[in-house]
Amino acid sequence: MKKYIFLDNSATSFPKPAEVYKFMDYFYRNFGVNPGRSGYDLCLETGSLVEETRRMLTAFFNGKDPNRLCFSYNSTDALNLIIFGLLKEGDHAITTTLEHNSVLRPLHHLWKYSGVEVDYIPFNRQGFVDPDDFPRKFKKNTRLVIVNHASNVLGTVQAIREIGRRCRERGIPFAVDTSQSAGKIPIDMDKDNLDVLAFTGHKSLLGPTGIGGLYVREGIEIRHTRAGGTGVRSAQRTHLDEYPYRLEYGTLNVLGVAGLNAGLKWIENKGLQAIHEQEMKLTTQLRDGLKDIEGITLYCQDNLIDHISVFLFNVDGLDALNTSTILDVDYNIASRSGLHCAPLVHEQLGTDKIEGAVRFGIGPFNTEEEIQIAVEAVKEIVAFQKRKTG
Ligand SMILES: Cc1ncc(COP(=O)(O)O)c(C=O)c1O
């Protein structure tokens, strides 16, 4: 198999820590049964792991009640539960142009088919939204503010604490998409004034694909938009109202929970701050290696404070897809080009007209040596492009 320099960790982290693979294999071979459905020992063991992981995640996000930590299949799934479960016809929602399609599309569907009004707050030249722009859009019928914590395109981290404070003052539910930030920077339900958060397990939380979830603060009730088996009170004809069953439907992905459990333990062992510092050191190395090159455009990489390890650029005159293909074929470097499922970011940057941009996503297993190879590769592509266009 060809050896890659994997710089697509914003799409999914790869590889996972060895402990994650090992524990998933061990757990699934020994306890891979349906939790909460029966009383035999294996089933109880599986249930214990699920409950332990709920407790760990609740503590990780500084929530209060592990029962309000519900598992889903990824953050798209969790965000759909939140958006469709909190908004109804006649409501108004506020979001930002930084959002991923997992927020934009549910909101657009509600606008198109259910008469929900949506306002989009733009970001400034540095890639940040202004918390004061939110109250300016508040209306009597505003029922949700939903914001992407860390941009999967620009890497900028939004001032969610400030936005949350403004929402709390008006009693408007505030939801945050932590898909890119969870596992990279601290997130605190209390201090950050969050009402609901959605997370995905396969990115910086270092678990496998197919597992994610949401935490719902006490006092926020998300309506059912699905119904099904829960393993308890089977005679009841409607879906259960109490958490976590309220937002969990059918058999859980216990293999995913096991991987996420091991990923979280790995993060806690290393320390969130140490992981983030190492990733930002590499992001700075990348930025500094490329910022003064003529023939390359960087987007929102000037100031790496309030930033995660996402690096966006274009080689001038070359389509992003071509740059990614050359990086792959000639240098074995995995990157992601295009619109990154966040079309409004590219619309605002103007990169939608040139097929988007190229993204490097740095993870905990990248090294200085790999970054140096990536810098040299991009420099060579720029030089080649200049020779071509003369
Ligand atoms: C900011 C953001 N939100 C949501 C998602 C969706 O994550 P998932 O595909 O795991 O549902 C992503 C994935 O790239 C993301 O970057």
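Note that the coordinates shown come from a computational prediction; the quantities given were computed from them, not determined experimentally.

Right, let's get into the site of the ligand. Around the ligand sit 13 residues in total, of which T76, D177, T200, H202 and K203 are the nearest. Contact distances for the ligand include 2.5 Å between an oxygen atom and a side-chain N or O atom of K203. Burial of the ligand by the protein chains amounts to 88% of its free accessible area of 390 Å². Here the shell around the ligand is built from residues that sort into no nonpolar, eleven polar and two charged.

So, about the packing of aromatic side chains. For the structure on display, the rule yields ten aromatic pairs. When the centroid spacing of 5.2 Å and the interplanar angle of 45° are considered together, the rings of F313 and F360 count as tilted. A residue pair is termed long-range when its members are at least 10 positions apart, and F313 in strand β10 (residues 310–315) and F360 in strand β13 (residues 357–361) qualify at 47 residues. For F313, a relative accessible area of 0% corresponds to the buried category. A connected cluster of aromatic rings, assembled from ring pairs, spans F23, Y26, F27 and F31. Across the ring face of Y243, the terminal group of R68 is positioned such that the distance to the ring centre comes to 4.2 Å.

Bringing helix α3 (residues 75–86) into the picture now. Under the 1.5 Å per step criterion, the end-to-end length of α3 is 16 Å for twelve residues, consistent within 8% with the ideal 16 Å. The element α3 is extensively covered by neighbouring structure, given that nine of its twelve residues are classed as buried. Looking at the packing, one finds that the buried side of α3 touches β2 (69–72), α4 (101–114), β5 (142–148), β6 (174–177), β7 (196–200) and β8 (212–216). Two or three places before T76, at the start of α3, stands the capping residue N74, its side-chain oxygen 3.1 Å from that residue's backbone nitrogen.

A sheet is described by the order of its strands in space; here four strands give the open sequence β9-β10-β13-β12, paired in antiparallel fashion. Looking at which strands have only one partner, the edges of the open sheet turn out to be β9 (296–298) and β12 (336–338). Recorded for the sheet is a direction-independent mean angle of 30° between the axes of neighbouring strands. Relative to β13, β12 runs antiparallel, the two sharing three bridges. When the bridges of β13 are listed, G338 appears paired with A357. Of the strands in this sheet, β9, β10 and β13 touch helix α8 (residues 272–290), which is tilted by about 20° from β10. Contacts from helix α9 (residues 320–331) reach β10, β12 and β13, with the element oriented near 45° to β13.

In this section: the nonpolar core. Of all hydrophobic cores here, the largest spans 53 residues; its most connected members are F61, F71, F134, V145, L154, F174 and F199. Among the elements that take part in this core, helix α7 (residues 254–270) stands out by supplying seven residues, more than any other. Here this core spans two domains, since at least three of its residues come from each of domain 1 (5–15 + 271–389) and domain 2 (18–269). Setting aside its immediate chain neighbours within four residues, F134 contacts I94, T96, I121, V129, V145, V147 and I163. Grouped together as the second largest cluster of nonpolar side chains are 26 residues, A78, I83, L110 and I222 included.

Quick look at unusual backbone geometry now. Backbone phi values are negative for most residues with the exception of glycine, while trans is the configuration of most peptide bonds. In this model, F14 is joined to P15 through a cis peptide bond whose omega is -5°. Positionally, P15 belongs in the loop between β1 (5–6) and α1 (18–31). With an omega of 5°, the peptide bond running from Y243 to P244 counts as cis. Considering the arrangement of structural elements, one finds P244 in the loop between β8 and α7. Its identity as a non-glycine residue notwithstanding, L206 has a phi of 70°, on the positive side. Relative to the helices and strands, L206 is located in the loop between β7 and β8. Backbone geometry places N332, a non-glycine residue, at a positive phi of 55°. Here N332 shows up in the loop between α9 and β11 (333–334).

Turning our eyes to something else, we now look at the sheet that holds strand β3 (residues 92–96). If you trace the seven strands from one edge of the open sheet to the other, you get β2-β8-β7-β6-β5-β3-β4, paired in mixed fashion. Where the open sheet ends on each side, the last strands, each with one partner, are β2 and β4 (117–121). Here the strands of the sheet are splayed against their neighbours by 20° on average, with no regard to which way each runs. Alignment of β5 against β6, held across four bridges, turns out to be parallel. Directly across from I146, in β6, lies its bridge partner A175. Contacts from helix α2 (residues 41–60) reach β2, β7 and β8 within the one sheet, and its direction differs from that of β2 by about 115°. Sheet strands in contact with α3 are β2, β5, β6, β7 and β8, and its direction is about 155° off that of β7.

Procedures and definitions
- Residues numbered from 1 in each chain as written.
- Predicted model: local features only at pLDDT ≥ 70, side-chain atom pairs only at ≥ 80, totals over all residues.
- Heavy atoms only, no water.
- Near = heavy atom within 4 Å.
- Polar contact = N/O pair within 3.5 Å; in protein donor to acceptor, adjacent residues only side chain to side chain.
- Areas by Shrake-Rupley, 256 points an atom, 1.4 Å probe, with all protein chains shown as cover.
- Nonpolar A, V, L, I, M, F, W, Y, C, P; charged D, E, K, R; others polar.
- Phe/Tyr/Trp six-rings, centres within 6.5 Å; stacked < 30°, edge-to-face > 60°.
- Helix = DSSP H or I, 4+ residues; strand = E, 2+ residues; numbered from the N terminus.
- Buried < 20%, exposed > 50% of the residue type's maximum accessible area, 1.4 Å probe, protein only.
- Lys NZ or Arg CZ within 6 Å of the ring centre and 35° of its normal.
- Expected span 1.5 Å × (residues − 1).
- Contact = heavy atoms within 4.5 Å.
- Pairing = 2+ DSSP bridges.
- Axes fitted to C-alpha atoms, helices over the stretch in contact; angles between N-to-C directions.
- Core = buried A, V, L, I, M, F, W, Y, C linked by side-chain atoms within 4.5 Å.
- Domains from an automatic or database assignment.

These results come straight from atomic positions and should not be treated as a statement about function.
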